[in-house]
Amino acid sequence: MNDIRYEYRSGIGTDIHRLMPGLPLKLGGIEVPFERGLLAHSDGDVVLHALMDAILGAAGMGDIGMMYPDTDPKWKGADSRALLLGVLEKVKKERWEVVNTDMTVQADMPKLGSLKGQMKRSIAGLLDIDFASVNVKAKTNEGLDAVGQGLAIAATALVLLRRRIKGLRAEI
């Protein structure tokens, strides 16, 4: 009889970008209606960027700056959803799968409470995991720092990965 065992690892990722007029705002893989967007080499989706760093960190595979350097023009304006799929492909080659993720988006503007479900659905679809395995929280910084002054948006993501350990058998 096979004794299925798993190795588990957790990772954390963070990201922050400045808000600028005239750019689209993308968070958690969705477009958010707002007059400003995030300035970045790619589309600036801080939620997906934090998630990618958490996944790569948990798998011991560096960070998104190593995988998608902002000095490489081919990533200019890149869709973070596509970048996340590339990260997932890389970790799946090492047999890792995402168990769950918990994320916090820090933004005083715009208000994100009504969009958390859409972000959660988008992220669950990208990760190919159950909706209940994704949690998205929106917090303000109460007027403190660049986020609190409406100059930036930040995100933090925690992820749990697992992979099946091969070749273990239970003795009966």
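Residues numbered from 1 in each chain as written. Predicted model: local features only at pLDDT ≥ 70, side-chain atom pairs only at ≥ 80, totals over all residues. Heavy atoms only, no water.

*Asks:* Any chance you could explain a nonpolar patch on the surface here in plain terms?
*Replies:* On the surface, Ile4, Tyr6 and Tyr8 cluster together to form a nonpolar patch covering roughly 290 Å² of accessible area. Among the secondary structure elements, Tyr6 is positioned in strand β1 (residues 5-21). The class of Tyr6 is partly exposed, set by a relative accessible area of 31%. (Patch = residues over 30% accessible without salt bridge, like charges linked within 9 Å, V, L, I, M, F, W, Y side chains within 5 Å. Areas by Shrake-Rupley, 256 points an atom, 1.4 Å probe, with all protein chains shown as cover. Salt bridge = Lys/Arg side-chain N within 4 Å of Asp/Glu carboxyl O. Helix = DSSP H or I, 4+ residues; strand = E, 2+ residues; numbered from the N terminus. Buried < 20%, exposed > 50% of the residue type's maximum accessible area, 1.4 Å probe, protein only.)

*Asks:* It is not clear to me how the environment of Gln118 should be interpreted in this structure. Could you clarify?
*Replies:* Assignment of secondary structure puts Gln118 in helix α4 (residues 116-127). Exposure remark for Gln118: the relative accessible area of 38% places this residue in the partly exposed category. As a C-alpha pair, Gln118 and Met103 span 15 residues in sequence and 14 Å in three-dimensional space.

*Asks:* What's the story with the sheet that holds β1 in this structure? I'm lost.
*Replies:* Working definition: the strands of a sheet are paired by backbone hydrogen bonds and lie parallel or antiparallel to each other. In spatial order, the strands read β4-β1-β7-β5-β6; together these 5 strands make up an open sheet with mixed pairing. With partners counted over all chains shown, the strands left at the sheet margins are β4 (36-38) and β6 (134-139), one partner each. The mean inter-strand angle of the sheet, taken between neighbouring strand axes irrespective of direction, is 20°. Two strands pair when backbone bridges link them, and strand β5 (residues 97-106) and strand β7 (residues 152-165) are joined in this way by 9 bridges, in the antiparallel orientation. Looking at β7, one finds that Met103 is bridged to Ala157. Its contacts with the sheet put helix α1 (residues 46-58) on β1, β4, β5 and β7, and the angle it makes with β1 is roughly 150°. (Pairing = 2+ DSSP bridges. Axes fitted to C-alpha atoms, helices over the stretch in contact; angles between N-to-C directions. Contact = heavy atoms within 4.5 Å.)

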